[in-house]
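# Topology and contacts: notes
Spelled out from the first residue to the last, the chains are:
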Amino acid sequence: MKLIFERSVEGYYNEMVAPCEVPVVELPETMKRQKALHLPSVPQPEISRHYTELANATFGINNGFYPLGSCTMKYNPKINDEMAAYPAFANIHPLQPEHTVQGSLQVFTRTERLLNEITGMSAFTFQPAAGAHGEFTSLLMIKAYHEKNGQPQRNKIIVPDSAHGTNPASVAMAGMITVNIPSDEYGCVDIEALKAAVGADTAGLMLTNPNTAGIFDKNILEITKIVHEAGGLNYYDGANLNAIMGVARPGDMGFDIIHLNLHKTFSTPHGGGGPGSGAVGCKEVLKDFLPDYYPVVTDTGITFTTPKYSIGTVKGFYGQFSVFLRALTYVLFLGSEGISSASKSAVLNANYMLHELKDIFDVPYGDSCMHEFVISLEKLKKETGVSALDIAKGILDHQMYPPTMYFPLTVPEALMVEPPETESKARIDEAVAVYRQLNDAAHAQPEAFHDYPLHAKIHRVDEVRAARQPIVRYKFDRE
Ligand SMILES: Cc1ncc(COP(=O)(O)O)c(C=O)c1O
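Keep in mind the model is a prediction, meaning the values are calculated, not measured.

When you go through the protein residue by residue, the secondary structure sums to 15 helices and 12 strands. For the protein, the C-alpha radius of gyration of 25 Å lies close to 23 Å, the compact-globule estimate for 479 residues. With the principal axes as the frame, the protein shows a C-alpha extent of 75 × 70 × 45 Å. Going through the 479 residues of the protein one by one, you find that 43% of them count as buried. At a minimum sequence separation of 6, the contacts of the protein that also span at least 24 residues come to 72%.

And the structure:
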């Protein structure tokens, strides 16, 4: 595929640029660009073709089965985008006087109310722009809480090895220390290790639940009790809430604070670096520590306030409005029954697919799961030389997206499968047939796998070279 610069033809130009609306001012010579700007000269049809070609080269849930574990590649109802594009929402400005945007401010308070109901929390901030950003925000709040209570020595966060990788990274970013604890043979938190880890320096626990192996921790109530009794706070990584929303509430399990990945659990596509929203919810005890721009309802309308012991601003203005607007649309569209049936379907789909595959692939942790499951291809690799990567590339030839590979790190040759809750049994059966066929082919003709995919838009790429010699900038002839 040609880059936009390679489509450029000297002398072509696009006449559709709107005329400048402000007076043109002559700049002083010192402020002027010394060299011509590298802009491609392409007529409008070529631009349109360029973007169509780019869209055709990508794969999304509208193209086919997309079971990307840990990412919840949800089908996004089109009404969400219609709402986000609605001019009364799309054309507002963050510096507009509050009395002119009261309808939009209601999006904050209504979304907060619904998310409180779903999670069992008391307040939400929408400032954080991604899941990891929500983790960071929550940790700053936990830290501020202990400092306010005269216990600054509480700077250790307990993170089980089944946590999402961003958890320990966020701890480090927040200037705290990670205490790693192992999982037991069921993939749950090792209770004895937790008891040994808590102490006077414990700030809290970060629990990804369901964890990265797709398991709901069966000891969850005991876990939160142990941490509370030691004086710590319980933080719930709710990026996997897709498995429990409308069925169980972290607030009822003893958690004090949670982040949600609105951009996966509550629609808006996840991945590709698009906008996200890592909304953070907390119980009353932490409400005063929320970031700036907390919306409250007053006699004269809704206004933003700064909570008493606020950790400050973690994002410009109030966060990614269009993402939580989509989340609100999604929740209202589904209603309370729809929300719980979405998570039940997610869990049912994953268990069905796991059940159909467990006789051919190793399943490290039991044979049931929440919304996603992990299989290990270690044995297949030993027997045939065909790796998890080879199987994933083979899947691409069947107009399906492969599962997440080599994650979690605790499972060798891992494939992590998360079938979207909206998939029919027929689609899942098709996927199962492909996985089984590839497993048979791996035993019959293993050498063929190293060239896969043969029919995808982009064939096997040299990943080592791409990592070692990344070419991320176009080299202009003129340079
Ligand atoms: C369990 C879990 N926690 C945290 C994150 C981080 O979220 P983000 O990628 O939006 O920063 C993810 C990502 O999907 C996740 O699955």
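Spatially, 10-12-11 is the arrangement adopted by the 3 strands of the open sheet, whose pairing is antiparallel. The strands lining the two open edges of the sheet, one partner per strand, are strand 10 (373–376) and strand 11 (404–405). Relative to strand 12 (residues 414–417), strand 10 runs antiparallel, the two being bridged by 4 bridges. Residue pairing in the sheet places Phe 373 in a bridge with Val 417 of strand 12.

Before going further, it helps to examine helix 13 (residues 388–396). Counted residue by residue, helix 13 has 9 buried out of 9 residues, so it is predominantly covered. Ala 388, Leu 389, Asp 390, Ile 391, Ala 392, Lys 393, Gly 394, Ile 395 and Leu 396 are the residues of helix 13 that are buried.

The sheet built from 7 strands is open, its strands ordered 1-7-6-5-4-2-3 with mixed pairing. Looking at which strands have only one partner, the edges of the open sheet turn out to be strand 1 (123–125) and strand 3 (177–181). Between one strand and the next, the sheet's axes are offset by a mean angle of 25°, whatever the strand orientation. Relative to strand 4 (residues 202–208), strand 2 (residues 156–160) is paired through 3 bridges, and the arrangement is parallel. Looking at strand 4, one finds that Ile 158 is bridged to Leu 205. On the sheet, helix 4 (residues 102–119) packs against strand 1, strand 5 (233–238), strand 6 (257–260) and strand 7 (280–282) and is oriented at approximately 120° with respect to strand 1. Across the sheet, helix 8 (residues 220–229) touches strand 4 and strand 5, and the angle it forms with strand 4 is around 165°.

Let's shift gears to the environment of Gly 335. Positionally, Gly 335 belongs in helix 11 (residues 321–357). In this structure the C-alpha to C-alpha distance between Gly 335 and Gly 246, which are 89 residues apart in sequence, comes to 9.8 Å.

With that out of the way, let us pick up the packing of helix 2 (residues 78–85) against helix 11. Viewed as axis vectors pointing N to C, helix 2 and helix 11 meet at an angle of 135°, and their least axial separation amounts to 9 Å. Taken together, the axes of helix 2 and helix 11 lie oblique to each other. In the packing of helix 2 onto helix 11, the handedness of the crossing is right-handed. When helix 2 is examined against helix 11, the residues Ile 79, Asn 80, Met 83 and Ala 84 are found in contact with a partner set consisting of Ser 322, Leu 325, Arg 326, Thr 329, Tyr 330 and Phe 333.

Here the protein is described as being made up of domain 1 (1–57), domain 2 (79–333) and domain 3 (373–467). Spacing between the C-alpha centres of domain 2 and domain 3 amounts to 33 Å. Contacts between the two partners involve 5 residues from domain 2 and, on the opposite side, 4 residues from domain 3. Grouping the amino acids of the side of domain 2 that touches domain 3 by side-chain chemistry returns 1 nonpolar, 3 polar and 1 charged.

Moving on, we get to the site of the ligand. Residues in close proximity to the ligand total 14 residues, the closest being Ala 130, Gly 131, Ala 132, His 164 and Ala 239. For the shell around the ligand, the class distribution of residues is 4 nonpolar, 9 polar and 1 charged.

As a further point, take helix 1 (residues 44–57). Its 14 residues give helix 1 an end-to-end C-alpha distance of 20 Å, which sits within 8% of 20 Å, the value for a rise of 1.5 Å per residue. Within helix 1, only 0 of the 14 residues are buried, which leaves the element largely exposed.

Quick look at the nonpolar core now. Ranked by internal contacts, the top residues of the largest apolar core, which has 111 residues, are Met 141, Ile 157, Ile 158, Ile 257, Phe 324, Ile 391 and Leu 415. Considering every element that reaches this core, the biggest residue donor is helix 11, with 15 residues. Counting contributing residues, this core receives three or more from each of domain 2 (79–333) and domain 3 (373–467). When residues no more than four places from it in sequence are discounted, the contact partners of Leu 415 are Ile 375, Leu 377, Ala 388, Ile 391, Ala 392, Pro 403 and Met 405.

Geometry of a packed helix pair, given as the angle between the helix axes and the separation of the axes. One way to put it is that helix 11 packs onto helix 14 (residues 425–444) with a least axis distance of 10 Å and a crossing angle of 30°. By the angle class used here, helix 11 and helix 14 are roughly parallel. Helix 14 is crossed by helix 11, and the crossing has right-handed handedness. Contacts from Asn 349, Tyr 352, Met 353, Glu 356 and Leu 357 of helix 11 reach helix 14 at Ile 428, Ala 431, Val 432 and Tyr 435. Of the residues belonging to the contact of helix 11 with helix 14, the class tally is 7 nonpolar, 1 polar and 1 charged.

Criteria and cut-off values
- Residues numbered from 1 in each chain as written.
- Predicted model: local features only at pLDDT ≥ 70, side-chain atom pairs only at ≥ 80, totals over all residues.
- Helix = DSSP H or I, 4+ residues; strand = E, 2+ residues; numbered from the N terminus.
- Rg over C-alpha atoms; globule rule 2.2 N^0.38 Å.
- Buried ≥ 20, exposed ≤ 12 C-beta atoms within 10 Å, placed from the backbone.
- Contact = placed C-beta atoms within 7 Å.
- Pairing = 2+ DSSP bridges.
- Axes fitted to C-alpha atoms, helices over the stretch in contact; angles between N-to-C directions.
- Parallel < 35°, antiparallel > 145°, perpendicular 65-115°, else oblique.
- Left-handed = near helix turned anticlockwise from the far one by under 90°.
- Domains from an automatic or database assignment.
- Nonpolar A, V, L, I, M, F, W, Y, C, P; charged D, E, K, R; others polar.
- Near = placed C-beta within 6 Å.
- Expected span 1.5 Å × (residues − 1).
- Core = buried A, V, L, I, M, F, W, Y, C linked by C-beta atoms within 7 Å.

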